[in-house]
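What follows is the residue order along each chain.
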Amino acid sequence: MNYTIREIKDSDFPQLMELYTHLHEKDVPEMDERVSAVWEGILSDKNHHIIVAETEGKVISSCVCVIIPNLTRNQRPYAFVENVVTHADYRGKGIATACLDYAREIAKKENCYKLMLLTGSKDENTLNFYRRAGYNSEDKTAFIQWLE
């Protein structure tokens, strides 16, 4: 299967939001002032990278990689990966792995000392997917505090 991995473009917004329905979103939000402000902020943030896989003009997989400036570790930043998703019709073809590899290259280029990813999944297949992509769950313990 032929696909291209690249960073997102402004015109990809509708397809990205549709893809997120394969993650955990139920509906595609309308482009109101609030959504538009968030989208414009993401596009203008040099540290916020939305990576997409595209085939035949269709966005089929994505992940987000955010570079976080840091005052420790010789002032080397770290990267955080979030919103890893592939359209259900394209799963199991290595496309999400290619998106994660692209995120790793961004983190390396930015001199990050680590790349972190959290998942809410307990599914062993999903956990093994992240392990095969080079992540481990032994080095750190994650705690989350959900805010209302």
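In this report, we go over the structure that sits alongside the text. No experiment lies behind these values; they were computed from the predicted model shown. All chains use their own residue numbering, which begins from 1 and follows the written sequence. In view of the model being predicted, local features appear only for residues whose pLDDT reaches at least 70, and side-chain atom pairs are presented and counted only at 80 or more, with totals across whole chains, interfaces and linings using the full set of residues. As a rule here, side-chain values come from all non-hydrogen atoms in the structure, and water together with hydrogens is ignored.

## Considerations on helix α4 (residues 124-132)
Inclusion rule: Distance and chemistry together define a polar contact, namely a pair of N or O atoms within 3.5 Å, with one atom able to donate a hydrogen and the other to accept it when in protein, and with adjacent residues in sequence counting only for side-chain atoms on both sides. Helix numbering and strand numbering both begin at the N terminus, where a helix is a DSSP run of H or I of at least 4 residues and a strand a DSSP run of E of at least 2.
Capping the start of α4 is the job of one residue whose side-chain oxygen sits 2.8 Å from the backbone nitrogen of N125: D123. Where α4 ends, the next residue or the one after it, G134, has phi of about 105°, a positive value.

## Details of the sheet that holds strand β5 (residues 115-117)
Which entries qualify depends on this criterion: Strand pairing is assigned whenever DSSP detects at least two bridges linking the two strands. Each axis is a line fitted through C-alpha atoms, taken for helices only over the stretch in contact, and angles between the N-to-C directions span 0 to 180 degrees. Pairs of residues are marked as contacts when any of their non-hydrogen atoms sit within 4.5 Å.
Reading across from one edge, β1-β2-β3-β4-β5 is the order of the five strands in this open sheet, with mixed pairing throughout. Each having just a single partner strand, β1 (4-7) and β5 make up the two edges of the open sheet. Between one strand axis and the next, the sheet turns by 25° as a mean value, whatever way the strands run. Here β1 runs beside strand β2 (residues 48-55); their pairing, made up of four bridges, is antiparallel. The partner of E7 across the bridge, within β2, is I51. In this fold helix α3 (residues 95-109) packs onto β1, β2, β3 (58-68), β4 (78-86) and β5, with an angle of close to 30° to the strand it touches most, β3.

## Notes on the packing of aromatic side chains
Which entries qualify depends on this criterion: Only rings of Phe, Tyr and Trp enter the pairing, Trp through its six-membered ring, and a pair is recorded when the two centres are within 6.5 Å. The plane angle decides the type: under 30 degrees is stacked, over 60 is edge-to-face, the rest tilted. The criterion for a charge sitting over a ring is simple: Lys NZ or Arg CZ within 6 Å of the ring centre, and within 35 degrees of the ring normal.
A complete count under the given rule lists three aromatic pairs for this structure. Look at Y78 and Y113: their rings are 6.4 Å apart centre to centre, the planes differ by 75°, and that puts the pair in the edge-to-face class. Taken as a pair, Y78 in strand β4 and Y113 in the loop between α3 and β5 lie far apart in primary sequence, 35 residues in all. Its guanidinium or amino end placed over the ring of Y78, K114 lies 5.5 Å from that ring's centre, counting from NZ or CZ.

## Focus: unusual backbone geometry
So the rule is basically this: Exposure classes here rest on a 1.4 Å probe applied to the protein chains alone. A residue is buried below 20% of its type maximum, exposed above 50%, and partly exposed in between.
Of note, the phi angle at E56 is positive, near 50°, even though the residue is not glycine. As for its position among the elements, E56 is in the loop between β2 and β3. E56 gets classed as exposed once you look at its relative accessible area, which sits at 83%.

## Describing the environment of N83
Within the fold, N83 resides in strand β4. Here the alpha-carbon distance between N83 and C63, two residues 20 residues apart in the chain, equals 5.2 Å. Apart from the residues within four sequence positions on either side, N83 is in contact with Y20, L23, H24, S62, C63 and V64.

## Points about the nonpolar core
Our working rule: The definition of a nonpolar core used throughout is a set of buried Ala, Val, Leu, Ile, Met, Phe, Trp, Tyr and Cys residues joined through side-chain atoms within 4.5 Å.
In this structure, I51, C63, V81, V84 and L100 are the most contacted members of the largest nonpolar core, which totals 25 residues. Among the secondary structure elements, those contributing two or more residues to this core are β2, β3, β4, α3 and α4. Per element, the largest residue contribution to this core is eight residues, and it comes from α3. In contact with V81, not counting residues within four places along its chain, are C63, V64, L100, A103, L115, M116, L117, L118 and Y135. Grouped together as the second largest cluster of nonpolar side chains are 14 residues, F13, M17, V35 and V85 included.

## So, the pattern of salt bridges
Where we set the bar: Only one rule defines a salt bridge in this text: a Lys or Arg side-chain nitrogen within 4 Å of an Asp or Glu carboxyl oxygen.
Per the counting criterion, the structure on display carries six salt bridges. A salt bridge links R6 to E54, with the nearest nitrogen and oxygen atoms 3.3 Å apart. Taken together, the positions of R6 in strand β1 and E54 in strand β2 put the pair 48 residues apart, joining distant regions of the chain. Note that E124 is salt-bridged to R131, the shortest N-O span being 3.1 Å.

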